[in-house]
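# Structure assessment
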Amino acid sequence: MPRLMSPLRPRYMRYPTDIPREGLQVHPLPRENDAAHGDTATPQDALKNASGNQAPDTAADTFEEPQYPETIRISEGTFRQIRDYSLVLLSQGITHRIMRSEEGPFQIFILPENEDRARLQLALYRKENPPREENPPLPLTLSLQPLWVLLVPVVCTLLDFSGKVALMHSLGLSDADKVLHGQWWRTITALTLHADARHIASNLVSGYIVLNLMSYRTPLARMAPFLAIASAVANFFVAFTVQTDYRALGFSTFVFAAIGALSVIEFRLMPKETHGMLRRFAPLCGAASLAVFLGIGENADVLGHAYGFVAGALCGFIPKKKALRWGTPAKLVDLVWVTIYFAIFAIGWKFALS
């Protein structure tokens, strides 16, 4: 249960990176009597002083775990928003507490008896200062997460080029006629094969750029399995659409699925107060333009790119919006999703080579 802080002590307002995740701590100044004996006030003393009670100074004091009162969360948001709300409550003498949740946003807690008054003051403040949902641009960084995603096409393509696996190329590419006659695994294995070094190099470069941008919002382990399945479904719909002599291969379908997912993620994070239809749909329009620019060319699988973009766009609705906005960090449990990602391709090649 979060501890309450006195409205007379606004010294907790520090830069957001200095704030511990378990909540802000109050460190009161030493009292004159304690300074004379070389002692300093404890957090228990600060809690008692904030309640208007004089803390005992005798040596018989016992430091028991304090019983914190029940509190109610009345608001959450960015550090800047919660800082402003805290100033409003401080100006009205309303005792409150700021904490940061596991998901990332900051929260304000107050005593139940102050709830109505606090909500009224915050409502009046928001009426005069309409809040705007913040989605600031993220700094450019290079992540290592895309490397394990791209490891699958690299290993399979090198095995194919080396000739160590007999008939790997013909058994793995997506043949429309064979896919429609039951060889569904070709929709998966075709993602891992390439025609030549230039083909795989272009897919690896573009794939790393897109996946690196996606890693800003969410761990790739939670998206890669869904993108792999979406890419396989896209290859199936290509075969279903053409139904005749049509063969395709390459990781580009996965890359376009990632572009579609990233565009929907950024679209969901656009502030609701954005004015103008074009500005609101800028992420989708920009991603679609990029997909057209990259997806049309000599020997390009245009249908595969188009279906991959649409299937990936549906994957963009899978993560929770709150987790995307605050950048959920990777966890140990994400290794399960990594295993599922590699298992999808392992199963596909097991059927292809058996």
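See the structure above.
In this report, the structure presented in the accompanying data block is examined.

Rules used in this analysis
Residues numbered from 1 in each chain as written. Predicted model: local features only at pLDDT ≥ 70, side-chain atom pairs only at ≥ 80, totals over all residues. Heavy atoms only, no water. Helix = DSSP H or I, 4+ residues; strand = E, 2+ residues; numbered from the N terminus. Buried < 20%, exposed > 50% of the residue type's maximum accessible area, 1.4 Å probe, protein only. Areas by Shrake-Rupley, 256 points an atom, 1.4 Å probe, with all protein chains shown as cover. Patch = residues over 30% accessible without salt bridge, like charges linked within 9 Å, V, L, I, M, F, W, Y side chains within 5 Å. Salt bridge = Lys/Arg side-chain N within 4 Å of Asp/Glu carboxyl O. Core = buried A, V, L, I, M, F, W, Y, C linked by side-chain atoms within 4.5 Å. Axes fitted to C-alpha atoms, helices over the stretch in contact; angles between N-to-C directions. Parallel < 35°, antiparallel > 145°, perpendicular 65-115°, else oblique. Left-handed = near helix turned anticlockwise from the far one by under 90°. Contact = heavy atoms within 4.5 Å. Nonpolar A, V, L, I, M, F, W, Y, C, P; charged D, E, K, R; others polar. Pairing = 2+ DSSP bridges. Phe/Tyr/Trp six-rings, centres within 6.5 Å; stacked < 30°, edge-to-face > 60°.

### Things to note about the overall build of the chain
The secondary structure content of the chain amounts to 16 helices and five strands. Taken across its 354 residues, the chain has 42% of its residues classed as buried. For the chain, the accessible area works out to roughly 19800 Å², and carbon and sulfur atoms hold 62% of it.

### Some words on a nonpolar patch on the surface
Residues Leu180, Ile229, Val233, Phe236, Phe237 and Phe240 make up a contiguous nonpolar surface patch of about 510 Å² in total accessible area. Looking at which element gives the most residues to the nonpolar patch, the answer is helix H10 (residues 224-242), with five residues. Within the secondary structure, Val233 is located in helix H10. Under the relative-accessibility criterion, Val233 is labelled partly exposed at 37%.

### Concerning the nonpolar core
Core analysis: the biggest nonpolar cluster contains 38 residues, and Met214, Leu227, Phe254 and Tyr341 have the highest contact counts within it. Put simply, the parts of the chain that give this core at least two residues each are helix H5 (145-162), helix H9 (197-214), H10, helix H11 (252-268), helix H13 (282-295), helix H14 (302-315) and helix H16 (334-353). Here this core takes eight residues from H11, the largest share from any one element. The next biggest cluster of nonpolar side chains, apart from the first, holds 13 residues, and it includes Ile82, Tyr85, Val88 and Ile94.

### Structural notes on the pattern of salt bridges
Any two side chains of opposite charge can pair if their charged atoms end up close together. Considering all chains together, one arrives at seven salt bridges under this definition. The salt bridge partner of Arg217 is Glu266, with a shortest N-O separation of 2.9 Å. A residue pair is termed long-range when its members are at least 10 positions apart, and Arg217 in the loop between H9 and H10 and Glu266 in helix H11 qualify at 49 residues. You can call Glu266 partly exposed: its relative accessible area is 21%. A salt bridge links Arg247 to Asp245, with the shortest nitrogen-to-oxygen separation between them at 2.7 Å. The same class applies to Arg247 and to Asp245, which are both exposed.

### Here's the deal with the packing of H13 against H14
Put simply, H13 and H14 touch, their axes get as near as 10 Å, and they point 160° apart. Between H13 and H14, the interaxial angle falls into the category roughly antiparallel. Where H13 crosses over H14, the handedness of that crossing is right-handed. Seen from H13, the contacting residues are Ala287, Ala288, Ala291 and Gly295; seen from H14, they are Val302, His305 and Phe309. Grouping the amino acids of the contact of H13 with H14 by side-chain chemistry returns five nonpolar, two polar and no charged.

### Quick notes on the sheet that holds strand E1 (residues 72-77)
Pairing is antiparallel in the open sheet, where three strands are placed in the order E1-E3-E2. The sheet is open, and its two borders are formed by E1 and strand E2 (96-100), each paired with just one other strand. For this sheet, the mean inter-axis angle between neighbouring strands, taken without regard to orientation, is 25°. Bridge count between E1 and strand E3 (residues 106-110): five bridges; the pairing is antiparallel. Looking at E3, one finds that Ile72 is bridged to Ile110. Along the sheet face, helix H3 (residues 79-91) touches E1, E2 and E3 and points at about 20° away from the line of E3. Against the sheet, helix H4 (residues 115-128) makes contact with E1 and E3, and its axis sits at roughly 20° relative to E1, the strand it touches most.

### Structural notes on the packing of aromatic side chains
The tally for this structure, following the rule as stated, stands at 16 aromatic pairs. Plain terms: the ring middles of Phe79 and Phe106 are 5.4 Å apart, the flat faces sit at 65° to each other, and that makes the pair edge-to-face. Within this pair, whereas Phe79 is found in helix H3, its partner Phe106 is found in strand E3, the two being separated by 27 residues in sequence. A relative accessible area of 4% means that Phe106 is categorised as buried.

### Some words on the pairing of E3
Within E3, five of the five residues are buried, which leaves the element mostly enclosed by the surrounding structure. What you see with E3 is no split at all: Phe106, Ile108 and Ile110 on one side and Gln107 and Phe109 on the other are buried throughout.

### Regarding the environment of Leu150
Looking at the element boundaries, Leu150 is found in helix H5. In this structure the C-alpha to C-alpha distance between Leu150 and Thr192, which are 42 residues apart in sequence, comes to 9.4 Å. With residues up to four places along the chain from it excluded, the contact list for Leu150 reads Leu204, Tyr208, Leu211 and Phe251.

### Section: the packing of H3 against H4
For the pair H3 and H4, the least separation of the axes is 10 Å and the interaxial angle reads 120°. Between H3 and H4, the angle falls in the class oblique. For H3 against H4, the interelement crossing comes out right-handed. In this structure, H3 contributes Asp84, Tyr85, Val88 and Leu89 to the contact, and H4 contributes Ala118, Gln121, Leu122, Tyr125 and Arg126. When its residues are assigned to classes, the contact of H3 with H4 shows six nonpolar, one polar and two charged.

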